[in-house]
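Here is what each chain is made of, one letter per residue.
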Amino acid sequence: MSSDSDRQCPVDGDIDQQEMIPSKKNAVLVDGVVLNGPTTDAKAGEKFVEEACRLIMEEVVLKATDVNEKVCEWRPPEQLKQLLDLEMRDSGEPPHKLLELCRDVIHYSVKTNHPRFFNQLYAGLDYYSLVARFMTEALNPSVYTYEVSPVFLLVEEAVLKKMIEFIGWKEGDGIFNPGGSVSNMYAMNLARYKYCPDIKEKGLSGLPRLILFTSAECHYSMKKAASFLGIGTENVCFVETDGRGKMIPEELEKQVWQARKEGAAPFLVCATSGTTVLGAFDPLDEIADICERHSLWLHVDASWGGSALMSRKHRKLLHGIHRADSVAWNPHKMLMAGIQCCALLVKDKSDLLKKCYSAKASYLFQQDKFYDVSYDTGDKSIQCSRRPDAFKFWMTWKALGTLGLEERVNRALALSRYLVDEIKKREGFKLLMEPEYANICFWYIPPSLREMEEGPEFWAKLNLVAPAIKERMMKKGSLMLGYQPHRGKVNFFRQVVISPQVSREDMDFLLDEIDLLGKDM
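The protein has the name Glutamate decarboxylase like 1 in an unreviewed UniProt entry, where Pan troglodytes is given as its organism. In its Sequence similarities (unreviewed entry) section, the UniProt record describing the protein reads: "Belongs to the group II decarboxylase family." The protein has a UniProt comment under Cofactor (unreviewed entry) that states "pyridoxal 5'-phosphate".

K.L.:
Kindly report on the environment of Arg75, identifying the contributing residues and their values.
P.N.:
Looking at the secondary structure, you find Arg75 in the loop between helix H3 (42–61) and helix H4 (77–83). Spatially, the C-alpha atoms of Arg75 and Pro446 are 27 Å apart, while their sequence positions differ by 371 residues.

K.L.:
Tell me about the sheet that holds strand E4 (residues 173–177), and name the residues and values.
P.N.:
In space, the 7 strands of this open sheet follow the order E4-E10-E9-E8-E7-E5-E6, with mixed pairing throughout. Each having just a single partner strand, E4 and strand E6 (236–239) make up the two edges of the open sheet. Strand-to-strand twist in this sheet, taken as the mean axis angle between neighbours without regard to direction, amounts to 20°. Of the pairings in the sheet, the one linking strand E7 (residues 265–272) to strand E8 (residues 297–301) comprises 5 bridges and is parallel in character.

K.L.:
Residue-level account of the sheet that holds strand E11 (residues 429–431), with values.
P.N.:
Across the sheet, which stays open at both edges, the 5 strands sit in the order E3-E13-E14-E12-E11 with mixed pairing between neighbours. With partners counted over all chains shown, the strands left at the sheet margins are strand E3 (117–118) and E11, one partner each. Direction of pairing for strand E13 (residues 480–486) relative to strand E14 (residues 489–496): antiparallel, over a ladder of 4 bridges. Each bridged residue has a counterpart across the sheet, and for Tyr483 the counterpart in E14 is Phe493. Packed onto the sheet, helix H16 (residues 465–476) meets strand E12 (439–444), E13 and E14 and runs at close to 160° relative to E13.

K.L.:
I'd like a rundown of the domain arrangement of the protein, residues and numbers included.
P.N.:
Assigned domains of the protein: these are domain 1 (142–387) and domain 2 (401–517). Using only C-alpha atoms to locate each centre, domain 1 and domain 2 end up separated by 32 Å. With 29 residues of domain 1 in contact, the opposing surface of domain 2 contributes 28 residues. Of the roughly 2400 Å² buried at the junction of domain 1 and domain 2 (both faces included), carbon and sulfur atoms supply 60%. Across the contact surface, domain 1 and domain 2 share 4 salt bridges.

Conventions adopted
Residues numbered from 1 in each chain as written. Predicted model: local features only at pLDDT ≥ 70, side-chain atom pairs only at ≥ 80, totals over all residues. Heavy atoms only, no water. UniProt positions renumbered as here; feature names shortened; annotations may be inferred. Helix = DSSP H or I, 4+ residues; strand = E, 2+ residues; numbered from the N terminus. Pairing = 2+ DSSP bridges. Axes fitted to C-alpha atoms, helices over the stretch in contact; angles between N-to-C directions. Contact = heavy atoms within 4.5 Å. Domains from an automatic or database assignment. Buried area = accessible area lost by both parts, 1.4 Å probe. Salt bridge = Lys/Arg side-chain N within 4 Å of Asp/Glu carboxyl O.

In structure tokens, the structure reads:
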């Protein structure tokens, strides 16, 4: 930025009011409003954007990898309301005040880019995806027709085609959605439409009792989708899992036969590749065999585990995924494409997505346009306005290449292996099980409990440890790590490695810090 441009831009309250007021000469008034010329002060707006971008660069991007920064500045809700100026007033705020607000928002927000943020199934900062997000926010496109979003529609097509190749299909279809939960709902509705196409126009009346099957370890979005679509949560059959959290195929087939015996109509099986808590991968080949025998749609929720397909070493975790009818895969997780970036991929190439979801809005999808209207893909979506989420993943893929994405997966799983080995060496740490992915689940047992017999009292006391340590770490701001109880097991930590900014030293720090925060319990 030149100093000349700084001098030319008015600051704060010194803005020339004449620039804000349209000329009254030959003024055109409608309902008392002068319509001559724009009323937006472009120079002031440009200066604000410039200064806000500088703030983002200094306070977010440049500090993203600094382990000396806090992961969070914890404040309870009522206190945070007082610290932030949340009130919206009749008159606008001056630029310097808005920049102060921006600084406060950054300061009190959780730094998910931080190398020691392990709280969710996403983390870290991908610089290329970030630039792509800046671009799409500035361009403000909506991906429904080629005429308004030519570049981003072509990008989405290219990305979907490549993801389909990694699943192992020769051809297919797909669409990017606002979240893996929505992708799962799309798949459930698509499977139902395939089973009974009349439902689109005639609705639920007259249908048999439809039943779907999914793992007891599945994502909660399956229940939400069944509720939203009118299938009903009581018609979701949860198939028992083994000790590692994998669906038991024999139990699945028993439930399918039982449903048929009861006069219900099975139509869908949802397998999971990478469960949320344990990181388990269902046996897809065996499940696919059952689906083929019973003519059931097979959907694989690979929102979390799908990125292992990028690794030649680890793609075996999803062996058999090519036999699925549909797959949910979220590149914003392990591949760090930035929230949100979620694809539903469909093996069908008969335009089933479009047949299921199209409404043929004549003001958007005119068939007599001057270009190839097959590129107007918006009618495959339940949305109208839709963000160009594929562009973030495309930019990262272009920057790193397939080998770079593979290395990202391999490094995350190698760091996970290192942490598992360290947990085994350390007194007071106990694994729930050997992980097969990047979910490392473990208990921290403080010194006061280490000599206690593992009876009801022990487990009741251990249940209190993880929440107390979580509170301490957040108030200190040193790291963020998730915990939960799960299927009869008391609260334990779930550590997830994703970001390439994470190092061996961060794994050591994690265990040292938990011990430091919990050794007096």
